[in-house]
Amino acid sequence: DMPDGDMEEPRSRAFARAHFAPRRAWSRLLKRERTFSPRIQSSLISIFADQRDDVLSKLDGIRSARISIEDLFNPAAWSRLFRIRVEPLRRKIVLDVAADTMLGLGMPARTFVFNDAVVTQIATQGAHLVSNVNATTEKRLSKAIAEGQSLGESGQSIAARVREVFKGRRANAMTIARTEVAKAS
């Protein structure tokens, strides 16, 4: 059930040169960015919302004067959620790029296979994403909580600071998404 376009013989070198010309390559990257960035952004926003709700819930349960970031935010605990919500989108981007490349070489798009090296590379890039995003969130939360505590703020005021941290994370979700699309492309 391969589309007629996938059954073609390998194309000429002139076609391949035209396919990989800088303007066309840039157009394909922009198309991928428009297609996948909003979807990754949406996934990130939902993860940040879950993180915010979890941190606020834990903050509400803390009765001591000293609040520890380790009690509120565990980056390792969020890795699974990133893998479930973001990793499938990253795989789709790689498949899109691979199909595009295969077509540009005049080969059937469906001949690309996710071998062990590709799977490992996607997982490695995904692990970097999770690590970097969670480290940034943890750093910002830690700073906000420390500032609130140093000023002797109430739990409600510190909770407001936590909400601001996640508001900022939501605001930069598109930047993160675009970076991930570019990396996967």
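Described below are features of the structure shown in this document. The model shown is predicted, which means the values in this text are computed figures rather than measured ones.

Procedures and definitions
- Residues numbered from 1 in each chain as written.
- Predicted model: local features only at pLDDT ≥ 70, side-chain atom pairs only at ≥ 80, totals over all residues.
- Heavy atoms only, no water.
- Helix = DSSP H or I, 4+ residues; strand = E, 2+ residues; numbered from the N terminus.
- Buried < 20%, exposed > 50% of the residue type's maximum accessible area, 1.4 Å probe, protein only.
- Contact = heavy atoms within 4.5 Å.
- Areas by Shrake-Rupley, 256 points an atom, 1.4 Å probe, with all protein chains shown as cover.
- Salt bridge = Lys/Arg side-chain N within 4 Å of Asp/Glu carboxyl O.
- Core = buried A, V, L, I, M, F, W, Y, C linked by side-chain atoms within 4.5 Å.
- Expected span 1.5 Å × (residues − 1).
- Polar contact = N/O pair within 3.5 Å; in protein donor to acceptor, adjacent residues only side chain to side chain.

1. Notes on the overall build of the protein
Here is step 1 of the chain: Within the protein, the regular secondary structure consists of eight helices and zero strands.
Here is step 2 of the chain: Overall, the protein shows an N-to-C arrangement of helices and strands of α-α-α-α-α-α-α-α.
Here is step 3 of the chain: Here the protein, with 185 residues, has 36% of them falling under the buried criterion.
Here is step 4 of the chain: Long-range pairs, those at least 24 residues apart, make up 79% of the contacts in the protein with a sequence separation of at least 6.
Here is step 5 of the chain: When the accessible surface of the protein is totalled, it reaches about 10,900 Å², and 54% of it is carbon and sulfur.

2. Focus: the pattern of salt bridges
Here is step 1 of the chain: In this structure the tally under the stated criterion is eleven salt bridges.
Here is step 2 of the chain: As a salt-bridge pair, Asp100 and Arg28 come within 2.4 Å of each other at their nearest N and O atoms. Residue Asp100 is found in helix α5 (residues 87-104), and its partner Arg28 is found in helix α2 (residues 22-61); the two are separated by 72 residues along the sequence. Grouping residues by exposure puts Asp100 and Arg28 together as buried.
Here is step 3 of the chain: Note that Glu180 and Arg90 form a salt bridge whose closest N and O atoms lie 2.8 Å from each other. Residue Glu180 is located in helix α8 (residues 173-184), and its partner Arg90 is located in helix α5; the two are separated by 90 residues in the primary sequence. In terms of burial, Glu180 and Arg90 fall into one category: buried.

3. Re the nonpolar core
Here is step 1 of the chain: Membership of the largest hydrophobic core comes to 40 residues, with the highest contact counts inside it found for Ile40, Leu44, Leu59, Phe82, Leu141 and Val162.
Here is step 2 of the chain: Looking at this core, the elements that each hand over two or more residues are α2, α3 (69-72), α4 (79-85), α5, α6 (116-150), α7 (155-171) and α8.
Here is step 3 of the chain: The element best represented in this core is α2, accounting for nine residues.
Here is step 4 of the chain: Leu141 has contacts with Val55, Ile69, Phe73, Val162, Val165 and Phe166, leaving out every residue within four places of it along the chain.

4. Let's talk about α6
Here is step 1 of the chain: Across its 35 residues, α6 extends 50 Å between first and last C-alpha, which sits within 8% of the 51 Å expected from 1.5 Å per residue.
Here is step 2 of the chain: Regarding α6, its N-cap is Asn115, as a side-chain oxygen of that residue lies 3.1 Å from the backbone nitrogen of Ala117 further along.
Here is step 3 of the chain: Note on α6: the residue one or two positions beyond its end, Gly152, has a positive phi of about 70 degrees.

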